[in-house]
Amino acid sequence: MESSDKEDYKAKEKAFYSAMISAWLTTRLERDKQLLGLSVTAIGLLVTLLRTVGVSSPLQIILFGLALFAFLITVVLVIYILGENSTHIEKILGGSEIESRKLMCLDKTAGISFVVGMVLIVIIGMDSAGFFQFLCGNDVYSDSLLCKIVLKVLPNKHFTMP
């Protein structure tokens, strides 16, 4: 009876371990696929904005270029990571490798590159709305909703209400 309990316990432990590995792999692959999809979409958005709206300052040219580069880096890294994952899994199953520092480093770099691209998109949006010119006190002032919100949220003696 005791031997049967041990076998049952080992079988359950194996099944649990297998389920955990499967869930971990699925989560990692889904994250990479989401980064890939969002980065490609962001590149499409940026190119569309460049072609339809254009740029209004040298700063925007730099911001668009950096954002496109950040998302392109993310796309290239994620495609490479997805290709290397199968080789890495085969090495794990063969027992020759437990963890790949290279893949971990590439994965972190892809995530950081994506976040940098997103921050740059936010900065582009704020610059396009004239947010920085307004905050810096330039004479460029439009009676837009954003400016009204800024005046309400950031009351200061340097801001003048029209």
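For the structure itself, look to the data block above.
A brief structural summary.

Cut-offs and rules
Residues numbered from 1 in each chain as written. Predicted model: local features only at pLDDT ≥ 70, side-chain atom pairs only at ≥ 80, totals over all residues. Heavy atoms only, no water. Helix = DSSP H or I, 4+ residues; strand = E, 2+ residues; numbered from the N terminus. Buried < 20%, exposed > 50% of the residue type's maximum accessible area, 1.4 Å probe, protein only. Contact = heavy atoms within 4.5 Å. Areas by Shrake-Rupley, 256 points an atom, 1.4 Å probe, with all protein chains shown as cover. Patch = residues over 30% accessible without salt bridge, like charges linked within 9 Å, V, L, I, M, F, W, Y side chains within 5 Å. Salt bridge = Lys/Arg side-chain N within 4 Å of Asp/Glu carboxyl O. Expected span 1.5 Å × (residues − 1). Bend = angle between axes of the 7 residues up to and from the residue. Axes fitted to C-alpha atoms, helices over the stretch in contact; angles between N-to-C directions. Parallel < 35°, antiparallel > 145°, perpendicular 65-115°, else oblique. Left-handed = near helix turned anticlockwise from the far one by under 90°. Nonpolar A, V, L, I, M, F, W, Y, C, P; charged D, E, K, R; others polar. Core = buried A, V, L, I, M, F, W, Y, C linked by side-chain atoms within 4.5 Å.

Of regular secondary structure, the protein possesses five helices and zero strands. When the helices and strands of the protein are placed in sequence order, the string is α-α-α-α-α. Relative to its full complement of 162 residues, the protein shows a buried share of 23%. Considering only contacts in the protein between residues 6 or more positions apart, those separated by 24 or more positions represent 62%. For the protein, the exposed surface amounts to about 11600 Å²; the carbon and sulfur share of it is 67%.

Here we come to a nonpolar patch on the surface. Together, L45, L49 and V53 make up a nonpolar patch on the protein surface, roughly 270 Å² of accessible area in all. Counting through the fold element by element, L49 comes out in helix 1 (residues 2–52).

Moving on to helix 2 (residues 58–94). The first and last C-alpha atoms of helix 2 sit 54 Å apart over 37 residues, in line with the 54 Å expected at 1.5 Å per residue. The largest bend along helix 2 measures about 30 degrees and falls at E84. One or two residues past the end of helix 2 sits G95, with phi positive at roughly 85 degrees.

This paragraph deals with the packing of helix 2 against helix 3 (residues 101–128). Running from N to C, helix 2 and helix 3 cross one another at 155 degrees; their axes reach a closest spacing of 8 Å. It follows that helix 2 is roughly antiparallel to helix 3 by the angle criterion. Two packed elements cross with a definite hand, and for helix 2 against helix 3 that hand is left-handed. Here the residues of the contact of helix 2 with helix 3 are counted per class, giving 22 nonpolar, eight polar and four charged.

Below, the discussion takes up the pattern of salt bridges. Under the defined criterion, the tally for this structure stands at three salt bridges. A salt bridge links D32 to R31; its shortest N-O distance comes to 3.6 Å. With a relative accessible area of 2%, D32 lands in the buried category. Note on R31: relative accessible area 36%, which makes it partly exposed. R31 serves as the salt-bridge partner of D107, at 3.0 Å between the closest nitrogen and oxygen. Residue D107 is located in helix 3, and its partner R31 is located in helix 1; the two are separated by 76 residues in the primary sequence. One network of salt bridges, in which partners are shared, links R31, D32 and D107.

Let's shift gears to the nonpolar core. Most often, soluble globular proteins keep nonpolar side chains buried together rather than apart. Of all hydrophobic cores here, the largest spans 17 residues; its most connected members are L46, A67, F71, I121 and I124. At the level of elements, helix 1, helix 2 and helix 3 are the ones that each hand at least two residues to this core. Residues contacting F71, with those up to four places away along its chain left out, are S39, A42, I43, L46, F114, G117, M118 and I121.

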